[in-house]
Amino acid sequence: MLIVAKELIYAVKALFTTKRDRFILLGLVLIAAMISVSELAVAKLFTNIIAFEKSMSQTNLIILIIGFFLFFGITKAGHFLQRVYKVRFFDKAFKASSADVPTAKENWRWSLAFELTNILSTITQLGVVVLFFAYLSWEFAVINILVVLAIFQVYGKLFSSQLDAQRGFVIARKNKEQITNAVRIGTRIKSGEIGILISGIAMLVLLGVLIYLSYIGGINTSNTIVLFFGLKMQNSNFSNVSTALMRFARARTNSE
């Protein structure tokens, strides 16, 4: 897990050399967090509308429906703006950098930047999801945090192995040694899929915990539904991190 943090920090310093660029990068990451909050808020509002539509007043129902569509719109607009602006931001940041990057490595620098922002944004979203879980149920949140830390520990080992493998491929290419595409691509895909499989197993465990807590009355029905959607989002984020880390390892070694 520490090696992941070390390499991400290195990439931030190497790619975005000015404080202004790093501040903008932080802003993009925080927008990603806001998007995840909006998605969870949408799920919470939707469950409240469905669960209590017959018992609440017409005014409150209208307010919830307006809030639902407002948060939904913010989520989609924020997601669109973040992705579109990233390209222009990278271009300006790289042009402002004093680093002399060979043309052959320029594409890898772009790839590294995309994977860096993708990973940072997804990890931030995971952090927001964990906090939202704590708001809904601290008992479930504690168990979830332990599972999340365990998953990242495994991801750190997979990432470290992938760095070694990708550096080996770079050295082999420089020595004009032939390595088949099945080996080069397959190594990266296999590591990413192992990470996805592990996070999937962890989600099943957390679903079992959620069902148990709901059964004993530790979590009400509305919050159980929201936590279920949150778990799906968390699992999707973990899958994204797993594959992105392996692509990051490839871009990192090829841009050295």
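Computed from a prediction, not measured in an experiment: that's the story for all the values here.

K.L.:
Describe in detail the environment of Ile179, supporting the description with residues and values.
P.N.:
Of note, Ile179 is situated in the loop between α5 (138–174) and α6 (181–215). Sequence-wise, Ile179 and Phe169 are 10 residues apart; in three dimensions their C-alpha atoms are separated by 7.6 Å. The contact partners of Ile179, leaving out residues within four places of it in the chain, are Phe169, Ala172 and Arg184.

K.L.:
Can you lay out the packing of aromatic side chains for me, pointing to particular residues and giving the numbers?
P.N.:
The final tally for this structure, using the stated rule, is 13 aromatic pairs. Here the aromatic rings of Phe132 and Tyr135 are separated by 6.1 Å at their centres, their planes lie at 45°, and the arrangement is tilted. Here Tyr135 and Phe132 lie together in helix α4 (residues 103–136), a separation of three residues that amounts to about one turn. Residue class for Tyr135 comes out exposed when judged on its relative accessible area of 67%. Taken together, Phe16, Phe89, Phe90, Trp110 and Phe114 form an aromatic cluster joined through their ring pairs.

K.L.:
Got a sec to walk through the pattern of salt bridges? Specific residues and values, please.
P.N.:
Taken as a whole, this structure holds three salt bridges when the rule is applied. A salt bridge links Arg252 to Glu7, with the nearest nitrogen and oxygen atoms 2.6 Å apart. With Arg252 in helix α7 (residues 221–254) and Glu7 in helix α1 (residues 2–15), this pair connects stretches of sequence that are 245 residues apart. Glu7 carries the same exposure label as Arg252, and that label is buried. With a shortest N-O distance of 3.7 Å, Asp21 and Arg20 are connected by a salt bridge. With a relative accessible area of 4%, Asp21 lands in the buried category.

K.L.:
So, the nonpolar core: which residues are in play, and what are the values?
P.N.:
Ranked by size, the top nonpolar core spans 53 residues in total, and within it Phe16 and Phe140 carry the most contacts. Looking at this core, the elements that each hand over two or more residues are α1, α2 (19–52), α3 (58–96), α4, α5, α6 and α7. If you tally residues by element for this core, the top one is α7, at 12 residues. Once you skip the residues sitting within four places of it in the chain, Phe16 turns out to touch Ala11, Asp21, Arg22, Leu25, Phe89, Phe90, Ala93, Ala113 and Leu116.

K.L.:
Just give me the short version of the packing of α6 against α7, but keep the residues and values in it.
P.N.:
How two helices sit against one another is set out by the angle between their axes and by the gap between those axes. Two elements in contact, α6 and α7, have axes separated by 9 Å at closest approach and are oriented at 165°. Regarding the angle of α6 to α7, the classification is roughly antiparallel. Of the two elements, α6 crosses α7, and the hand of that crossing is right-handed. Taken together, the residues of the contact of α6 with α7 break down into 10 nonpolar, 12 polar and four charged.

K.L.:
Please set out a nonpolar patch on the surface residue by residue, giving values where relevant.
P.N.:
Where nonpolar side chains cluster on the molecular surface, the patch consists of Met1, Ile145 and Leu149 and spans about 250 Å² of accessible area. The topology assignment puts Leu149 in helix α5. By relative accessible area, Leu149 is classed as partly exposed at 45%.

K.L.:
Break down the packing of α5 against α6 for me, citing the residues and quoting the values.
P.N.:
Where α5 meets α6, the axes come as close as 10 Å, and the angle between the chain directions of the two elements is 175°. Of the possible angle classes, the one that applies to α5 and α6 is roughly antiparallel. Across the contact of α5 with α6, the residue classes tally to 18 nonpolar, seven polar and two charged.

What counts, and at which threshold
Residues numbered from 1 in each chain as written. Predicted model: local features only at pLDDT ≥ 70, side-chain atom pairs only at ≥ 80, totals over all residues. Heavy atoms only, no water. Helix = DSSP H or I, 4+ residues; strand = E, 2+ residues; numbered from the N terminus. Contact = heavy atoms within 4.5 Å. Phe/Tyr/Trp six-rings, centres within 6.5 Å; stacked < 30°, edge-to-face > 60°. Buried < 20%, exposed > 50% of the residue type's maximum accessible area, 1.4 Å probe, protein only. Salt bridge = Lys/Arg side-chain N within 4 Å of Asp/Glu carboxyl O. Core = buried A, V, L, I, M, F, W, Y, C linked by side-chain atoms within 4.5 Å. Axes fitted to C-alpha atoms, helices over the stretch in contact; angles between N-to-C directions. Parallel < 35°, antiparallel > 145°, perpendicular 65-115°, else oblique. Left-handed = near helix turned anticlockwise from the far one by under 90°. Nonpolar A, V, L, I, M, F, W, Y, C, P; charged D, E, K, R; others polar. Patch = residues over 30% accessible without salt bridge, like charges linked within 9 Å, V, L, I, M, F, W, Y side chains within 5 Å. Areas by Shrake-Rupley, 256 points an atom, 1.4 Å probe, with all protein chains shown as cover.

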